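Structural description and commentary
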Amino acid sequence: MRETKLTMSNKTKYVLTDEHRAQQKPWADKWISVAMSTAPMSAKEKADAAGYVYKLYEAADLKRPEDVLFVKSPFAMVVAGGFAAAICEMGKDAPLTVVELVNRLNSGELNSTMGDSNWYMTPYNIKALSASLGLGQLGAECVRQSHRMWNGGNQWAGWSSYISFFRYIAKIDIDYSKWDCYEKLTEISGPRVVHSKFCIISDRPEVLTVNERNQPHGEGKAFCKWRDGSALYSVNGVRVPAYIIDNPSKLTVAIIESESNLEVRRVMIDVYGREKYILDSNSEIVNVDDFGTLYKKSLTGDEELWMVKVVNSTPEPDGTFKDYFIRVDPKSYGGLKTARAAVASTWRKADGSMLFKSPDDYVCEVET
């Protein structure tokens, strides 16, 4: 039996058996399903969660919070958490209580017009909302700092998966009593903000999608969306601004070329259309011959974009001939210099090597 030895601080050695290893994938799948859950929290889960929060504070030797409250999204959670912290700081001078704040948020009364920001869609205009509630700059600043209170939840399932494996599968004999409440909260609730006087817990999302590689991805829509309309956007694992998906017509060459994040800029070009970008961005024409037009676009901090434009020899129903743009590797044939070489480089064998030894060997006799 192959063994993996685990050394604890007290020098006790534990061994993972083959039977333990056989359970690793099923155990991971169990916790992935927890992290990916889109089921709304039930009344029972909320009641249980409140009880586990009290135990969590007790385990940390803290006084139990005065309020355990629930909101519809992490966005509502950080808004509520920040404003609630401001309310606690203001004390008797606060214009409303924490409970009143959360009730008004949950009712939708405090929602502003839904609009996009740099990275997400949210119905909360923080500065305007803080001012309207009488919390002023303090409220807005507390929201900005609210990430400091963020803790746990089902989308932080990694640690719960890891520790619970050794609790239930490998069965390392240690005291899990203080850990238990954290593990249970992971299973039944979203993230939370924790404060000495309150704990505010977010519901799970309504939509949560990934691509075939388990990267956050929404096909033409938000990959993660909550029941208050808040949403996050990602294209094959790359987080992008909301408008790129919901309102791509806002994209311009200037916006694309001012984006400093290379991965985001590549997504922008794909959404804008590589062909359109090549034409609209005054790309350099490297060569024009009977086989097409070879373009080069230099991108700050990134590899150059080379594309060859070819014309379909078969006319469209209206008699026009459609242009096609193909991205090519500029290093092909020791460095592309002609459109003919660019087109020839697109013909490859099954192993990825060039079909034609030389671009001159490429003669377009029959198109399919």
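You'll find the structure just up there.
Parameters at a glance
- Within any chain, residue numbers begin from 1 and follow the written order of that chain's sequence.
- Restriction of local features to residues with pLDDT of at least 70 applies here, the model being predicted, together with a cutoff of 80 or more for giving and counting side-chain atom pairs; totals for whole chains, interfaces and linings are based on all residues.
- With hydrogens and water stripped out, all remaining heavy atoms of the structure feed into the side-chain values.
- Under the DSSP-based scheme used, a helix requires at least four consecutive residues in state H or I and a strand at least two consecutive residues in state E, with every element numbered from the N terminus.
- Three labels apply to residues, based on accessible area from a 1.4 Å probe with only protein chains included: buried if under 20% of the type maximum, exposed if over 50%, partly exposed otherwise in between.
- The contact criterion used is simple: two residues touch if any of their non-hydrogen atoms lie within 4.5 Å.
- Using a 1.4 Å probe, the Shrake-Rupley method yields the accessible areas, and only the shown protein chains count as cover for residues.
- Two rings belonging to Phe, Tyr or Trp (six-membered ring only in the last case) form a pair when the distance between their centres is within 6.5 Å. Interplanar angles under 30 degrees mark stacking, angles over 60 mark edge-to-face geometry, and anything in between is tilted.
- In this analysis, the expected span of each helix is defined as 1.5 Å times one less than the number of residues it contains.
- Read the arc as the range of directions from the helix axis to the C-beta atoms.
- One requirement defines pairing of two strands: DSSP has to find at least two bridges between them.
- Orientation is described by lines fitted to C-alpha atoms, with helices fitted over the stretch in contact, and by angles between N-to-C directions that extend from 0 to 180 degrees.

As for the overall build of the chain
Per the secondary structure count, the chain includes 14 helices and 17 strands. Considered along the principal axes of its C-alpha atoms, the chain spans approximately 80 × 65 × 40 Å. Counting every position in the chain, which comprises 368 residues, the buried fraction comes to 44%. Looking at the chain alone, contacts between residues at least 24 apart form 52% of all its contacts between residues at least 6 apart. A total accessible area of about 20200 Å² is found for the chain, and carbon and sulfur atoms account for 52% of it.

Focus: the environment of Val343
Tracing the sequence through the fold places Val343 in helix H14 (residues 339–345). With 36 residues separating them in the primary sequence, Val343 and Met307 have C-alpha atoms 9.5 Å apart. Not counting residues within four places of it along the chain, the set of residues in contact with Val343 comprises Phe291, Val308, Val310 and Tyr362.

Considerations on the packing of aromatic side chains
Both the distance between ring centres and the angle between the ring planes are used here to describe each pair of aromatic rings. Summed over all chains, the structure comprises twelve aromatic pairs. Arranged with centres 6.0 Å apart and planes meeting at 45 degrees, the rings of Trp27 and Tyr168 form a pair that is tilted. With Trp27 in helix H2 (residues 24–35) and Tyr168 in helix H8 (residues 157–169), the pair connects residues that are 141 residues apart, well separated along the chain. Exposure remark for Trp27: the relative accessible area of 13% places this residue in the buried category. With a relative accessible area of 33%, Tyr168 lands in the partly exposed category. Ring geometry for Trp179 against Tyr182: centres 5.1 Å apart, planes inclined by 25 degrees, an arrangement best described as stacked. Of this pair, Trp179 and Tyr182 both sit in helix H9 (residues 177–188), three residues apart, which is roughly one turn of the helix. Accessibility classification places Trp179 together with Tyr182 in one group, the buried group. One aromatic cluster is present, built from ring pairs that chain together Trp159, Tyr162, Phe165 and Phe166.

Topic: H2
Taking 1.5 Å per residue as the helical rise, H2 with its twelve residues ought to reach 16 Å, and the 16 Å between its terminal C-alpha atoms agrees with that figure. Along H2, the positions that sit buried rather than exposed are Trp27, Trp31, Val34 and Ala35. Down the axis, H2 shows its buried residues gathered within 100 degrees of arc, on one side only. Looking at the buried positions of H2, the neighbouring elements they touch are H8, H9 and strand E9 (207–208).

Some remarks on the sheet that holds strand E8 (residues 198–202)
Strand order across the open sheet formed by four strands is E3-E8-E7-E6, with mixed pairing between neighbours. Because the sheet does not close on itself, it has two edges, and the strands there are strand E3 (67–71) and strand E6 (150–151). Sheet topology note: the E6/strand E7 (residues 192–194) ladder contains two bridges and is antiparallel. From the neighbouring strand, Trp150 faces E7, where its bridge partner is Val193. Set on the sheet, helix H3 (residues 43–59) makes contact with E3, E7 and E8; between it and E3 the angle comes to about 135 degrees. Packing of helix H4 (residues 74–90) onto the sheet brings it into contact with E3, E6, E7 and E8, and relative to E8 it is tilted by some 165 degrees.

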